[in-house]
Amino acid sequence: MNKLSTQLETAFSGVAANYKGQDVDLYEIYKKMRSESPVLEGDFMGELGVPNIAGHEAGRRTFTLFKYDDVMAVLRDAETFTSGFIAAGLGAFMDGLILTGMDGELHKKMRTLLHPVFMPKVVNTWRNTKMDPIVREEFLAPLAPAGKANLMDFALHFPVRLIYSLIGFPDNEPELIKKYASWALDILAGPQVDPKNAAAAKAAAMAASESLYKAVLERVSQVRAQGEFGGDLIGRLIVAEYEGRSLDDHEIATFVRSLLPAAGETTTRTFGTAMVLLLERPELLERVTNNRELVSSLIDEAVRYEPVATFKVRQASREVEIRGVTIPEGSMVQCIVASANRDEAAFDGADQFNIDRKVKPSFGFGFGPHVCIGQFIAKTELSVAINAVLDMLPNIRFDPDYPAPVIRGAQLRGPDSLHVVWGE
């Protein structure tokens with residue numbers, strides 16, 4: 001394994017450790033909170049040892065929500081529950097120009113300008129021309145003869161390779177891409193709970209953010225100078241226009257940089273989680289293998305059952321009341337997505353993994369005006385990878401020489417390893 005691969009894996013492990021929180025049965029705690037304290041005053045995730053923007057400012061009151069209906073109401077109402085504060089948190093590593101940290105008309109205009117680039121029609125062209133060939137030919141074809149692997153190694157590298165190709169970086173510079181990806185993960189590790197680590201992590205995140213920005217800006221400038229705007233993300237953003245408004249190089253580079261910390265991270269962990277849930281259930285594995293139309297339902301149910309991003313934070317723009325609890329203006333509202341997705345009042349058999357359940361919104365990719373703009377890209381990448389694994393690694397199953405994988409983490413949840421074998 002080369003140095004940059006090791007650097008990328010070290011960065012990924014470091015992010016997981018940073019957001020892991022306490023080793024407790026989270027879903028049992030969530031069930032109790034839904035029943036006894038559905039609206040709790042306090043920084044629930046901070047108490048678990050998870051860094052988050054809700055605890056960013058001393059003296060600012062925080063309230064935590066656990067029920068499906070309450071989480072939906074907050075995420076849907078972007079006027080009452082705003083996101084601008086994010087520009088002072090993770091957005092501080094992005095010069096404050098981050099879509100998730102915009103509110104009101106500015107957010108609406110920017111999202112409207114960007115949205116066409118992420119539509120299924122565009123993404124499906126990437127599926128056939130880039131995603132599927134890269135996953136099958138570059139990753140799985142060399143791996144298949146081995147008969148065994150830690151599938152999380154594949155899960156870490158394929159989304160990085162895909163997203164940078166879709167953005168418009170050259171396909172013949174894999175080592176540079178690994179360097180950029182490790183910078184993106186260093187940005188995610190910027191927020192820290194432990195004050196002893198906070199200053200160093202923030203400095204590393206700022207340096208990584210600046211390095212990543214310069215790399216993306218250089219590529220944007222190259223593409224614009226060449227004047228050949230192909231089907232990649234940078235080319236499409238250069239020509240994107242809404243009400244006479246287009247993006248300059250700085251805006252494109254900053255927006256692309258803001259996508260990268262979570263772009264690979266979320267897909268990596270969701271792939272690992274979906275494969276664990278599938279391999280734990282041999283009958284389901286057989287069903288999905290024989291009927292690939294079920295892959296989409298598998299992904300959606302994995303995102304509901306074990307979301308990677310387990311909570312979202314908003315800020316109350318006015319005094320509101322939820323379930324009889326008054327939430328003052330300016331308070332932070334922490335929405336526990338992982339709890340809402342298992343709310344027995346919203347889902348029949350909420351604690352069961354069931355890909356046949358009636359379709360209903362869950363919150364793994366957010367909800368409302370700030371729903372993840374890149375979710376269709378992520379789901380398409382996941383579909384490509386799962387289908388390719390089932391095609392090219394026949395009779396895949398857990399490796400009996402290793403402990404069964406465990407999905408863990410209070411935030412950025414997923415398995416640390418996924419040892420499998422295949423063939424006879």
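Think of each chain on its own: its residues are numbered from 1, step by step along the sequence as written. Confidence filtering applies because this is a predicted model: local features only for residues at pLDDT of at least 70, side-chain atom pairs given and counted only at 80 or more, and all residues used for totals across whole chains, interfaces and linings. Only hydrogens and water are set aside when side-chain values are computed; all heavy atoms of the structure are taken into account.

This paragraph deals with the overall build of the protein chain. Working definition: helices are DSSP H or I runs of at least four residues, strands are E runs of at least two. Numbering for both runs from the N terminus. Of regular secondary structure, the protein chain possesses 15 helices and twelve strands. Relative accessibility decides the category of a residue: with a 1.4 Å probe and only protein chains considered, values under 20% of the type maximum give buried, values over 50% give exposed, and everything between is partly exposed. Among the 424 residues that make up the protein chain, the fraction classed as buried is 54%. We call two residues in contact when some of their heavy atoms are within 4.5 Å. Taking as baseline every contact in the protein chain between residues at least 6 positions apart, the subset at least 24 positions apart corresponds to 74%.

A few words now on the nonpolar core. By size, the foremost hydrophobic cluster in this structure holds 111 residues, and its most contacted members are Phe154, Tyr164, Phe271 and Met275. Per-element accounting of this core gives the leading share, 13 residues, to helix 11 (residues 249-279). Tyr164 has contacts with Phe169, Ile177, Tyr180, Ala181, Ala184, Leu212 and Leu260, leaving out every residue within four places of it along the chain. One finds Ala316, Val320, Ile322 and Val333 within the second-largest nonpolar core, a separate group that totals 22 residues. To define a nonpolar core, start from buried Ala, Val, Leu, Ile, Met, Phe, Trp, Tyr and Cys residues and group those joined through side-chain atoms within 4.5 Å.

This next bit is on the side chain of Asp232. Turning to its location among the elements, Asp232 is positioned in the loop between helix 9 (195-226) and helix 10 (233-239). A positive count includes Lys and Arg, and a negative count includes Asp and Glu. His and the chain ends are not counted in either. The term salt bridge refers to a pairing of a side-chain nitrogen on Lys or Arg with a carboxyl oxygen on Asp or Glu at a separation within 4 Å. Buried Asp232, no salt bridge; nearest opposite-charge side chain is Arg219, N-O distance 5.5 Å. Polar contacts, as counted here, are pairs of nitrogen or oxygen atoms within 3.5 Å of one another; within protein the pair requires one atom able to donate a hydrogen and one able to accept it, and residues that are adjacent in sequence qualify only if both atoms are side-chain atoms. Here the side chain of Asp232 touches Ile234 through a polar contact of 3.3 Å, landing on its backbone nitrogen. Discounting residues that sit within four places of it in the chain, Asp232 has contacts with Trp126, Ser165, Leu166, Ile167 and Gly168.

It is worth spelling out the confidence of the model for the protein chain at this point. Should the pLDDT be low somewhere, the predicted coordinates at that spot are not to be read in detail. A residue-level look at the protein chain finds 88% of positions with pLDDT of 70 or above and a mean pLDDT of 86. The score called pLDDT rates the predictor's confidence residue by residue, from a low of 0 to a high of 100. A low-confidence stretch, residues 90-94 stays under pLDDT 50, and its non-local contacts, those more than four residues away or across chains, total 21 contacts.

The buried fraction of strand 5 (residues 311-316) amounts to six of the six residues, a majority that puts the element mostly inside the structure. Alternating positions in strand 5 separate into two faces, Phe311, Val313 and Gln315 on one and Lys312, Arg314 and Ala316 on the other, with burial throughout. As paired elements, strand 5 and strand 8 (residues 332-336) share five bridges and run antiparallel to each other. When the bridges of strand 8 are listed, Arg314 appears paired with Val333. The pairing criterion for strands is at least two bridges between them, as found by DSSP.

In space, the three strands of this open sheet follow the order 4-12-9, with antiparallel pairing throughout. Where the open sheet ends on each side, the last strands, each with one partner, are strand 4 (148-150) and strand 9 (397-398). With three bridges connecting them, strand 4 and strand 12 (residues 419-421) associate as antiparallel partners. By the bridge assignment for strand 12, Asn150 is matched with His419. Interaxial angles span 0 to 180 degrees and are taken between N-to-C directions of axes, which are lines fitted to C-alpha atoms, for helices over the stretch in contact. Set on the sheet, helix 7 (residues 151-167) makes contact with strand 4 and strand 12; between it and strand 4 the angle comes to about 60°.

We now examine the packing of helix 7 against helix 15 (residues 375-392). Close contact between helix 7 and helix 15 brings their axes to 11 Å; oriented N to C, the two are set at 130°. Relative to helix 15, the element helix 7 is oriented oblique. For helix 7 against helix 15, the interelement crossing comes out right-handed. Note on element contacts: helix 15 touches helix 7 through Ile377, Glu381, Ala385 and Val389, opposite Phe154, Phe158, Pro159, Leu162, Ile163 and Leu166. Along the lines of polarity and charge, the residues of the contact of helix 7 with helix 15 split into nine nonpolar, no polar and one charged. In these notes the angle categories are as follows: under 35 degrees is roughly parallel, over 145 is roughly antiparallel, 65 to 115 is roughly perpendicular, and the rest is oblique. In this scheme, a crossing is called left-handed if the near helix is turned counterclockwise away from the far one by less than a right angle; it is called right-handed if the turn is clockwise. Here the term charged refers only to Asp, Glu, Lys and Arg, the term nonpolar to Ala, Val, Leu, Ile, Met, Phe, Trp, Tyr, Cys and Pro, and the term polar to all other amino acids, Gly among them.

What follows deals with the packing of aromatic side chains. Stacked, tilted and edge-to-face pairs are distinguished by plane angle, under 30 degrees for stacked and over 60 for edge-to-face with tilted covering the rest, among Phe, Tyr and Trp rings (Trp via its six-membered ring) whose centres lie within 6.5 Å. Evaluated as defined, the whole model comprises 13 aromatic pairs. Between Phe363 and Phe367, the aromatic rings sit 5.6 Å apart at their centres with planes inclined by 80°, giving edge-to-face as the arrangement. Relative accessible area serves as the criterion here: at 0%, Phe363 is assigned to the buried category. Judged by its relative accessible area of 17%, Phe367 is buried.

All told, the structure shown has 21 salt bridges when counted by the stated rule. One salt bridge connects Lys67 with Asp343, and the closest N-O pair in it is separated by 3.2 Å. With Lys67 in the loop between strand 2 (62-65) and helix 4 (68-76) and Asp343 in the loop between helix 14 (337-340) and helix 15, this residue pair connects regions lying 276 residues apart in the sequence. Comparing Lys67 with Asp343 shows no difference in burial state: the two are buried. With a closest N to O distance of 3.1 Å, Asp132 and Arg136 form a salt bridge.

Before going further, it helps to examine helix 13 (residues 295-305). For helix 13, the tally of buried residues reaches eight of eleven residues, placing the bulk of the element in the interior. Within helix 13, burial applies to Val295, Leu298, Ile299, Glu301, Ala302, Val303, Arg304 and Tyr305.

Taking strand neighbours across the sheet as the criterion, the five strands line up as 1-2-8-5-3 in an open arrangement whose pairing is mixed. Every other strand in the sheet has two partners, leaving strand 1 (39-41) and strand 3 (81-82) as the edge strands with one partner each. When strand 2 meets strand 8, the two strands line up parallel, connected through four bridges. Bridging from a neighbouring strand, Phe63 pairs with Val333 of strand 8. Lying over the sheet, helix 4 contacts strand 1, strand 2, strand 3, strand 5 and strand 8, oriented at roughly 125° with respect to strand 8.

Mapped onto the elements of the fold, Ala240 is located in the loop between helix 10 and helix 11. Here Ala240 falls in the buried class, since its relative accessible area comes to 11%. Separated by 124 residues in the primary sequence, Ala240 and Pro116 place their C-alpha atoms 8.3 Å from one another.

What follows covers the environment of Pro405. Of note, Pro405 is situated in the loop between strand 9 and strand 10 (407-408). According to the relative accessible area criterion, Pro405 is buried, its value standing at 11%. Taking the C-alpha atoms as reference, Pro405 lies 7.4 Å from Asp416; in sequence the two are eleven residues apart. If we ignore the near neighbours within four places in the chain, the residues touching Pro405 are Val276, Phe398, Ser417 and Leu418.

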